[in-house]
Amino acid sequence: MLKKISMLMAVIFVVFSLTAFAAPYSTYGGSYGGGLVTVTNPASSTISSYDAVHNISGYAVAGATLTLYRFDGNGYNMMYANGAPVSWTVGSSGMFVKPVALYRGQNHLILRADYGESSQQYRFTITVLSSNLLDLINSFNFEKAD
């Protein structure tokens, strides 16, 4: 009986001591890969908003780990909220929604998906505008006007 208990304890120790691959602290600033994650909000790689919190949403391979990175002037580094990395695992439905706090001005972000040996990055920029007149004028895209 003692042998069975010690064997069970050894198995439990091995199972709980296995570590998963963690996302790196910083990442290359480009988009690459495909097939792991599709971002539906923001709908394009560059958007403007008046909201200081934006819901990033889409769908990904169930079990994929998603991590957000922000450009801080020296490169894209992992975002933190309340002292913890902004990182989560996609559930069995494959859908995700993550509210993200943004700074006023341009927020250059990367969403990185990791699943097994595969990874994918999606780069986008969200510009948070203030409600003053200059920001309202700058928010118009005159290049696409008909």
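Above this text is the structure in question.
About the criteria used
Residues numbered from 1 in each chain as written. Predicted model: local features only at pLDDT ≥ 70, side-chain atom pairs only at ≥ 80, totals over all residues. Heavy atoms only, no water. Helix = DSSP H or I, 4+ residues; strand = E, 2+ residues; numbered from the N terminus. Buried < 20%, exposed > 50% of the residue type's maximum accessible area, 1.4 Å probe, protein only. Contact = heavy atoms within 4.5 Å. Pairing = 2+ DSSP bridges. Axes fitted to C-alpha atoms, helices over the stretch in contact; angles between N-to-C directions. Core = buried A, V, L, I, M, F, W, Y, C linked by side-chain atoms within 4.5 Å. Salt bridge = Lys/Arg side-chain N within 4 Å of Asp/Glu carboxyl O. Polar contact = N/O pair within 3.5 Å; in protein donor to acceptor, adjacent residues only side chain to side chain.

Caption draft 1: Representation of the overall build of the chain in the model. Of the regular secondary structure elements, the chain holds two helices and 12 strands. Along the chain, from the amino end to the carboxyl end, the secondary structure elements read α-β-β-β-β-β-β-β-β-β-β-β-β-α. Counting across all 146 residues of the chain, residues that qualify as buried make up 34%. The long-range fraction of contacts in the chain, counting pairs at least 24 apart against all pairs at least 6 apart in sequence, stands at 67%.

Caption draft 2: Structural detail: the sheet that holds strand 10 (residues 95–101). Ordered by their spatial adjacency, three strands build an open sheet running 2-4-10, and the pairing between neighbours is antiparallel. Each edge of the open sheet carries a strand with a single partner, namely strand 2 (37–41) and strand 10. For this sheet, the mean angle separating the axes of adjacent strands, direction not counted, is 30°.

Caption draft 3: Main features of the environment of G63. Among the secondary structure elements, G63 is positioned in the loop between strand 4 (53–60) and strand 5 (65–71). Separated by 27 residues in sequence, G63 and V90 place their C-alpha atoms 5.2 Å apart. Apart from the residues within four sequence positions on either side, G63 is in contact with T89, V90, G91 and Y115.

Caption draft 4: How the structure looks around the nonpolar core. Core analysis: the biggest nonpolar cluster contains 21 residues, and L66, L68, F96 and L111 have the highest contact counts within it. When residues of this core are traced back to their parent elements, those giving at least two are strand 2, strand 4, strand 5, strand 10, strand 11 (105–115) and strand 12 (118–128). In contact with L66, not counting residues within four places along its chain, are V37, A60, V86, S87, W88, V90, F96, L111, R112 and A113.

Caption draft 5: Focus on the pairing of strand 5. Among the seven residues that make up strand 5, five are buried, leaving the element largely enclosed by the rest of the structure. For strand 5 and strand 9 (residues 87–89), the ladder comprises three bridges, and the chain directions are antiparallel. Note that in strand 9 the partner of T65 across the bridge is T89. With six bridges joining them, strand 5 and strand 11 adopt antiparallel strand pairing. Bridged to L66 within strand 11 is A113. Of the pairings in the sheet, the one linking strand 5 to strand 6 (residues 76–78) comprises three bridges and is antiparallel in character. Paired with R70 across the bridge in strand 6 is N77.

Caption draft 6: Geometry of the environment of T40. Mapped onto the secondary structure, T40 falls in strand 2. On the basis of relative accessible area, T40 is assigned to the partly exposed category, the value being 42%. T40 sits 17 residues away from S57 along the chain, and the two C-alpha atoms are 5.8 Å apart. T40 has contacts with S57, G58 and Y59, leaving out every residue within four places of it along the chain.

Caption draft 7: Highlighting the pattern of salt bridges. Counting across every chain of the model gives one salt bridge. Notably, a salt bridge pairs R112 with D114, separated by 3.0 Å at the nearest N-O pair. Across this residue pair, the class does not change: R112 and D114 are buried.

Caption draft 8: Quick look at the side chain of Q121. Within the secondary structure layout, Q121 lies in strand 12. Within polar-contact distance, the side chain of Q121 engages the side chain of R112 at 3.5 Å.

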